[in-house]
2 protein chains.
Amino acid sequence: MAEFRLHPRLAADTIFVEDWPLSRVLLLNDARYVWLALVPRRADAVELHDLTPADRADLMEEIARAGAGLKTLTGATKINTGALGNIVPQLHIHIVARKDGDPAWPGPVWGHSPAEPYTPSQREQQLGRLRGRL
Amino acid sequence: MAEFRLHPRLAADTIFVEDWPLSRVLLLNDARYVWLALVPRRADAVELHDLTPADRADLMEEIARAGAGLKTLTGATKINTGALGNIVPQLHIHIVARKDGDPAWPGPVWGHSPAEPYTPSQREQQLGRLRGRL
């Protein structure tokens, strides 16, 4: 079985938060949103239906955990969840805390506008807020 | 417990396909894509984490069923899956068969451009292709 390796584009666009039982939890490097990506640590998974039913069940619980956690931590108006993969094929699930009035509201964040990277201090603050609290 | 009723905006924008054990399966009335929405028949569900773990597990399997079915039926390049709900709060999961070169490719379909409704004959043809085959 091939070994899991994070796609280089995901590695470039995100910051490592922590590993959960199935998924690597990443923070998108865009200070305008609290925006996570869950990447199941399974080599060659592209579509949700590529996973085994057991992995899918675990993934759904990690998606719910991330969504509920972000909702509580951020007071988001709505959680947006998406698995697109048109550009980066490796299976990854976006979990985004959306707020009424954020730059893309009420449209999707995907493809809206270029990311605005965290400053080093913003990044440390955001990681401190998220790690171990989701 | 409140009774499930389809949100009027979803009812207006879609065509009924069939009911699965948990979800109502709808076809978005946009002839440019094969685009489904799964609506768990649970009153007042807005976020995935509002569902019980058992319902979430069932929903994940229905999402995988829809995605694998669309992939086989359409030869899609990629399945896009999303739960947004910024405009229509009732929990609904989009499953879209994307093709390289479709009008929104590689961006998201959500918020891209106004739907182009099926003609009556296109609609019947699409429903015939989908019903009982997903």
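Everything numeric in this text was worked out from a predicted model, so none of it was measured. (Residues numbered from 1 in each chain as written. Chains lettered and ligands numbered in written order. Predicted model: local features only at pLDDT ≥ 70, side-chain atom pairs only at ≥ 80, totals over all residues. Heavy atoms only, no water.)

K.L.:
Would you take a moment to explain the interface of chain B and chain A for this structure?
P.N.:
Reports of interface size often rely on the accessible area that becomes lost once the parts have come together. Opposite the 31 residues of chain B that make contact, chain A presents 31 residues. In total, about 2,700 Å² of surface goes out of reach between chain B and chain A, with carbon and sulfur atoms giving 60% of it. A per-residue breakdown of the area chain B buries against chain A is headed by Met60, Lys78 and Asn86 of chain B, which together make up 24% of the total. On inspection of chain B and its partner chain A, the count reaches 6 salt bridges. Linking Glu47 of chain B and Lys71 of chain A is a salt bridge whose minimum nitrogen-to-oxygen distance equals 3.4 Å. (Contact = heavy atoms within 4.5 Å. Buried area = accessible area lost by both parts, 1.4 Å probe. Salt bridge = Lys/Arg side-chain N within 4 Å of Asp/Glu carboxyl O.)

K.L.:
I would appreciate a short explanation of the confidence of the model for chain A in the present structure.
P.N.:
Low pLDDT marks stretches whose predicted atomic positions should not be read closely. In this model, chain A carries an average pLDDT of 97, and 99% of its residues clear a pLDDT of 70 or more. Here the prediction assigns the complex a pTM of 0.97, and the interface score ipTM is 0.96. (pLDDT = per-residue confidence, 0-100.)

K.L.:
How should I be thinking about the relation of the copies chain B and chain A in this particular structure?
P.N.:
Mapping between the two copies of the chain is achieved by a rotation about an axis and a shift along the axis. Expressed as a screw transformation, the operator carrying chain B onto chain A has a rotation angle of 180° and an axial translation of 0.0 Å, and the superposed copies differ by an RMSD of 0.0 Å. Taken together, the rotation and translation relating the two chain copies correspond to the operation of a two-fold axis. Of the C-alpha atoms belonging to chain B, the one lying closest to the rotation axis is found on Gly82 of chain B, 2.0 Å away. A share of 100% of interface residues in chain B that are also interface residues in chain A marks the association as one of identical surfaces. (Least-squares fit on C-alpha atoms with pLDDT ≥ 70 in both.)

K.L.:
What is the right way to look at helix H3 (residues 120-130) of chain A in this model?
P.N.:
Note on helix geometry: an α-helix contains 3.6 residues per turn, so any two residues three or four positions apart are oriented the same way. All names here are of chain A. Residues Gln126, Leu127 and Leu130 constitute the buried set of H3. Projected down its long axis, H3 carries its buried residues within an arc of 100°, all on one side. For H3, the exposed residues set more than 90 degrees away from the buried face come down to Ser121, Gln125 and Gly128. The secondary structure elements touched by the buried residues of H3 are strand S1 (14-19), strand S2 (23-28), strand S3 (34-40) and helix H2 (53-74). (Buried < 20%, exposed > 50% of the residue type's maximum accessible area, 1.4 Å probe, protein only. Helix = DSSP H or I, 4+ residues; strand = E, 2+ residues; numbered from the N terminus. Arc of directions from axis to C-beta.)

K.L.:
Please explain the nonpolar core as it appears in this structure.
P.N.:
One recurring pattern in soluble globular proteins: nonpolar side chains tend to sit buried together. Ranked by internal contacts, the top residues of the largest apolar core, which has 57 residues, are Leu36, Leu70, Ile95 and Leu130 of chain A together with Leu36, Leu70 and Ile95 of chain B. At 6 residues, H2 of chain A tops the list of elements feeding residues into this core. Among the nonpolar cores identified, the runner-up in size contains 28 residues, and Leu26 and Trp35 of chain A together with Trp35 and Val39 of chain B belong to it. (Core = buried A, V, L, I, M, F, W, Y, C linked by side-chain atoms within 4.5 Å.)

K.L.:
What am I meant to see in the pairing of S3 of chain A here?
P.N.:
Remark: a regular strand shows side chains that alternate across the two faces of the sheet. All names here are of chain A. Within S3, 7 of the 7 residues are buried, which leaves it mostly tucked inside the rest of the structure. Across 5 bridges, the pairing between S2 and S3 is antiparallel. The residue of S3 that forms the bridge with Val25 is Leu38. Hairpin geometry of S2 and S3 is characterised by an intervening segment of 5 residues between the two adjacent antiparallel strands. Note: S3 against strand S5 (residues 93-98), 5 bridges, orientation antiparallel. If you follow Ala37 over to S5, its bridge partner there is His94. (Pairing = 2+ DSSP bridges.)

K.L.:
What is the right way to look at the sheet that holds strand S2 (residues 23-28) of chain B in this model?
P.N.:
Picture the strands of a sheet paired through backbone hydrogen bonds; they go either parallel or antiparallel. Read across the sheet, 10 strands follow the order S1(A)-S2(A)-S3(A)-S5(A)-S4(A)-S4(B)-S5(B)-S3(B)-S2(B)-S1(B) without closing on themselves; strand pairing throughout is antiparallel. The two strands at the open ends of the sheet, each matched to only one other strand, are S1 of chain A together with strand S1 (14-19) of chain B. This sheet shows a mean twist of 25° between the axes of neighbouring strands, independent of strand direction. Against the sheet, H2 of chain A touches S1, S2, S3, strand S4 (78-83) and S5 of chain A, its axis set at about 20° to S5 of chain A. (Axes fitted to C-alpha atoms, helices over the stretch in contact; angles between N-to-C directions.)

K.L.:
Can you help me understand the side chain of Asp55 of chain B in this one?
P.N.:
Residue and element names in this part refer to chain B. Relative to the elements of secondary structure, Asp55 occurs in helix H2 (residues 53-74). Relative accessible area serves as the criterion here: at 9%, Asp55 is assigned to the buried category. Filtering out sequence-adjacent residues up to four positions away, Asp55 remains in contact with Leu22 and Arg42.

K.L.:
Explain the packing of H2 of chain A against H2 of chain B here, please?
P.N.:
Relative orientation and spacing of two packed helices are given, respectively, by the angle between their axes and the distance between those axes. The interhelical angle for the contact between H2 of chain A and H2 of chain B, taken along N-to-C directions, is 120°, at an axis separation of 9 Å. By the angle class used here, H2 of chain A and H2 of chain B are oblique. Once H2 of chain A is placed against H2 of chain B, the crossing between them reads as right-handed. Between H2 of chain A, through Pro53, Arg56, Leu59, Met60, Glu61, Ile63 and Ala64 of chain A, and H2 of chain B, the contact on the second element is made entirely by Pro53, Arg56, Leu59, Met60, Glu61, Ile63 and Ala64 of chain B. For the contact of H2 of chain A with H2 of chain B, a count of residues per class yields 10 nonpolar, no polar and 4 charged. (Parallel < 35°, antiparallel > 145°, perpendicular 65-115°, else oblique. Left-handed = near helix turned anticlockwise from the far one by under 90°. Nonpolar A, V, L, I, M, F, W, Y, C, P; charged D, E, K, R; others polar.)

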